[in-house]
Amino acid sequence: MSGGIRAWDNPVAVGTAELGLKLFDGDDTPQQTLQTAYSLEMGLGDFYNNLTARVSQKSIQELFDKLSRIEIKHQDRLFNEYVRVSGEQIERASFDAQIETGALEGGLTTQEYLDLFKPDLTSAVDIVSLAMSIEAQALDLYTRASEKTEDEDSCKILQTIAQEERTHLELLGKLL
Amino acid sequence: MRWKQFFTPVKSVSPSQAQKIMNDNSPDNFNLIDVRQPNEYETSHIPGSKLIPMSELDNKLDDLDPTKPTLVY
């Protein structure tokens, strides 16, 4: 690619090639993979909800609400995929109760993202940029996880989610 | 010099062309390689790229699928 990374003016990912991979075991089943991805989406939705409480501007609160709703849609998609793959007749509430959240999409914690990107929480541009950075980090993590996994179906699921994150990045870019 | 054959023919693409390739294809349909040093990768890298420093490339050709297009930076 001409110009290398310096010419790349799209969001980048940071961190080592191993960052966040501890969330994914190399031998995860497709169901476990979907549960992990779901937990990351859930963590990000909670992150946006928590930030909503920390800002007073109505327009910024609405923006966080919009970002949070996007994550809920991601979760819906992953839950439906889980039901399809597992064949389980499971209620959403029961499924949610099994999910442990600790990291966000991309494998970093809330504080790590805030420390890393230091967004101005009164700036819509900063907030959308933060969201894009998180999606870029997620795209990177899912791609690296797909290379780590030994289960072919899990690998395909991770590749599909990675491509969806790329689409989300494009959509967020249109908010700027 | 097997690696030279692997990347033949080589043509340069712009970042926007590279982005289009990534947007239009599933990640399993192309190789995206970062050939810089690990500390450079850690500072920033194109999401989804695989770190294979130039000095290790000849030993890691088996990690790449030669039937797919390869983007390198």
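Look a little higher up for the structure.
Residues numbered from 1 in each chain as written. Chains lettered and ligands numbered in written order. Predicted model: local features only at pLDDT ≥ 70, side-chain atom pairs only at ≥ 80, totals over all residues.

Of regular secondary structure, chain B possesses 3 helices and 3 strands. Reading chain B from its N end, one meets helices and strands in the order α-α-β-α-β-β. Taken across its 73 residues, chain B has 19% of its residues classed as buried. In chain B, 50% of the contacts between residues at least 6 apart in sequence involve partners at least 24 apart. (Helix = DSSP H or I, 4+ residues; strand = E, 2+ residues; numbered from the N terminus. Buried ≥ 20, exposed ≤ 12 C-beta atoms within 10 Å, placed from the backbone. Contact = placed C-beta atoms within 7 Å.)

Another aspect to go through is unusual backbone geometry. Phi is positive for K118(A), close to 40 degrees, though the residue is something other than glycine. Given 9 C-beta atoms within a 10 Å radius, K118(A) is considered exposed.

For any two helices packed against each other, one specifies the inter-axial angle together with the distance between the axes. All names here are of chain A. Contact geometry of helix α2 (residues 58–86) with helix α5 (residues 124–148) gives a least axis separation of 10 Å together with a crossing angle of 15 degrees. Between α2 and α5, the angle is such that the two are roughly parallel. Judged by the twist between their axes, the crossing of α2 over α5 is right-handed. Residue-level inspection shows S59, I60, L63 and L67 of α2 in contact with α5, the latter providing A124, I127 and A131. Considered class by class, the residues forming the contact of α2 with α5 number 6 nonpolar, 1 polar and no charged. (Axes fitted to C-alpha atoms, helices over the stretch in contact; angles between N-to-C directions. Parallel < 35°, antiparallel > 145°, perpendicular 65-115°, else oblique. Left-handed = near helix turned anticlockwise from the far one by under 90°. Nonpolar A, V, L, I, M, F, W, Y, C, P; charged D, E, K, R; others polar.)

Our focus in this paragraph is the environment of R84(A). Relative to the elements of secondary structure, R84(A) occurs in helix α2. Along the sequence, R84(A) and Q31(A) sit 53 residues apart, while their C-alpha atoms lie 9.8 Å from each other.

The next point concerns the interface of chain B and chain A. With 24 residues of chain B at the interface, the matching set in chain A holds 27 residues. Listing elements by their share of the side of chain B that touches chain A, those giving two or more residues are α2 (15–24), α3 (38–43), β2 (50–51) and β3 (70–72) of chain B. Sorting elements by how many residues they give to the side of chain B that touches chain A places α2(B) first, with 5 residues. Taken together, the residues of the side of chain B that touches chain A break down into 12 nonpolar, 9 polar and 3 charged.

Residues and elements named next belong to chain A. Contact geometry of helix α1 (residues 30–54) with α2 gives a least axis separation of 9 Å together with a crossing angle of 165 degrees. The angle between the axes of α1 and α2 places the two elements in the roughly antiparallel class. For the pair α1 and α2, the sense of crossing is left-handed. The class makeup of the residues in the contact of α1 with α2 is 15 nonpolar, 9 polar and 4 charged.

On to the nonpolar core. L104(A), A131(A), I134(A) and Y142(A) are the most contacted members of the largest nonpolar core, which has 36 residues in total. Elements that contribute at least two residues to this core include exactly α1, α2, α5 and α6 (152–173) of chain A. For this core, the leading source of residues is α5(A), giving 11 residues. Listed in part, the 8 residues of the second largest apolar core include M22(B), I33(B), I46(B) and I52(B). (Core = buried A, V, L, I, M, F, W, Y, C linked by C-beta atoms within 7 Å.)

Here we come to the environment of L172(A). Residue and element names in this part refer to chain A. Summarising the element assignment, L172 is placed in helix α6. Taking the C-alpha atoms as reference, L172 lies 24 Å from G4; in sequence the two are 168 residues apart. Beyond its immediate chain neighbours, meaning those up to four positions away, L172 contacts V128, A131, M132 and E135.

Residues and elements named next belong to chain B. Strand direction decides the pairing type here: strand β1 (residues 31–34) and β3, joined by 3 bridges, are parallel. Each bridged residue has a counterpart across the sheet, and for N31 the counterpart in β3 is T70. Two strands pair when backbone bridges link them, and β1 and β2 are joined in this way by 2 bridges, in the parallel orientation. Looking at β2, one finds that D34 is bridged to L51. Handedness of the crossover joining β1 and β2 through α3 is recorded here as right-handed. (Pairing = 2+ DSSP bridges. Right-handed = clockwise from strand over helix to strand, strands pointing away.)

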